[in-house]
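What the coordinates show
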Amino acid sequence: MRKYVPKDNVQKKPYYTDRFWVAPQVPKFDVSTDDVFAADLRAIKAVAEVNEAYIQVDQMVVMINPNDNFKVAQALKETCDYNQLSELSAIDWLADKGQFEVFYQFLSMSKRKRIRIKCFIDKDQAVESLNPLYRSADWAEREMYDMLGVKVNNHPYFKRILMPDDWVGHPLLKTYPLQGDEAASWYEVDRIYGKEARDIIGPENRDPAMVDRYDTERFTRLGHEVAKGTEYDKDQAETKQTYQEEGGVFALSKFIEDDAVVITDRKR
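Per-chain numbering applies: the sequence of each chain, read as written, is numbered from 1 onward. Totals for whole chains, interfaces and linings use all residues, but because this is a predicted model, local features are given only for residues with pLDDT of at least 70 and pairs of side-chain atoms are given and counted only at 80 or more. Note: side-chain values were computed over all heavy atoms of the structure, leaving out hydrogens and water.

1. Let's talk about the pairing of strand 2 (residues 59-64)
Basically, it comes down to this: Whether a residue is buried, partly exposed or exposed follows from its accessible area with a 1.4 Å probe, protein chains only, as a fraction of its type maximum: under 20%, in between, or over 50%, in that order. Runs of H or I in DSSP of at least four residues are treated as helices and runs of E of at least two as strands, each being numbered from the N terminus. A pair of strands is considered paired only if DSSP assigns at least 2 bridges between the two.
Strand 2 sits mainly inside the fold: six of its six residues count as buried. Both faces of strand 2 are covered, namely the face carrying Gln59, Val61 and Met63 and the face carrying Met60, Val62 and Ile64. Summarising the sheet, strand 1 (residues 50-56) and strand 2 pair through six bridges and their orientation is antiparallel. Paired with Ile55 across the bridge in strand 2 is Met60. As consecutive antiparallel partners, strand 1 and strand 2 are separated by two residues, and within that stretch Val57 has a phi angle of approximately 55 degrees, a positive value. Inspection of the sheet shows strand 2 paired to strand 5 (residues 113-122) by four bridges, in the parallel sense. What sits directly across from Met60, in strand 5, is Ile115.

Next up, the structure:
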């Protein structure tokens, strides 16, 4: 049995104090030890320059120049039978190298092999979209831009996918404030009520360990809901849950919490 570790306030405790901590590398092996990967590497070298190649955790990792990403992906699909682009994203190395590491994860279902293609780009440099080759690149490339700010050329619908279109900054950058910046703290207030309501409502609380049951519009007053504009105090009685509106589904009876019975006999 594992030793019990208190989990009080666990959401506020970081796992790593060094936000630029890098995990130790697992062993790397020469590509020549695998005949299939060796043939795939020759196909890649036929269309692009390879800076480094090795096998790690049963998959081949190939470092290329960023301008060759489309040619390499095309060779993998059309020549080497890698029919899936299962993942693509980027890693923020701006503080250490002044660059992003962009990676593409390919899968060949016929060979049962995986290849990871990697390249480094400068902060303002763009990569070519792989959407014409792999449709799975569509949303992944948009997310890479949305979260990290990595630009993609010739994407058919290049816009944010998770954050609002007018959001300031890219939340997965290591320099992005953990609790959001000035724009983030006022975003919902400004959009819904206008900047003139800032003094009345106050900034958003983005502390994940904090739930305010007495916020301005009672968004989080579960079990203590009141109509908008209703006066209330901290001693208000709990709202009974019925879980069905008046005139609801005819075949179901209304659930009333006080009439509920907890079944203790598991064989019943």
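From this point on, the discussion continues.
2. Quick word on unusual backbone geometry
The phi dihedral of Arg112 falls on the positive side, at around 60 degrees, and the residue is not glycine. Checked against the element boundaries, Arg112 lands in the loop between strand 4 (99-108) and strand 5. Here the phi dihedral of Asn154 falls at roughly 65 degrees; this positive angle occurs in a residue that is not glycine. Mapping Asn154 onto the fold places it in the loop between strand 7 (151-153) and helix 4 (182-192).

3. A closer look at the packing of aromatic side chains
What describes a pair of aromatic rings is the distance from one ring centre to the other and the angle between the planes of the rings. The line we're drawing: Aromatic contacts are taken between Phe, Tyr and Trp rings whose centres are within 6.5 Å, Trp giving its six-membered ring; a plane angle under 30 degrees counts as stacked, one over 60 as edge-to-face, and the others as tilted. Criterion for a charge above a ring: Arg CZ or Lys NZ at most 6 Å from the ring centre, at most 35 degrees from the ring normal.
In total, this model carries three aromatic pairs according to the counting rule given. Here the basic side chain of Arg116 rests over the ring of Phe103, its NZ or CZ set 5.4 Å away from the ring centre.

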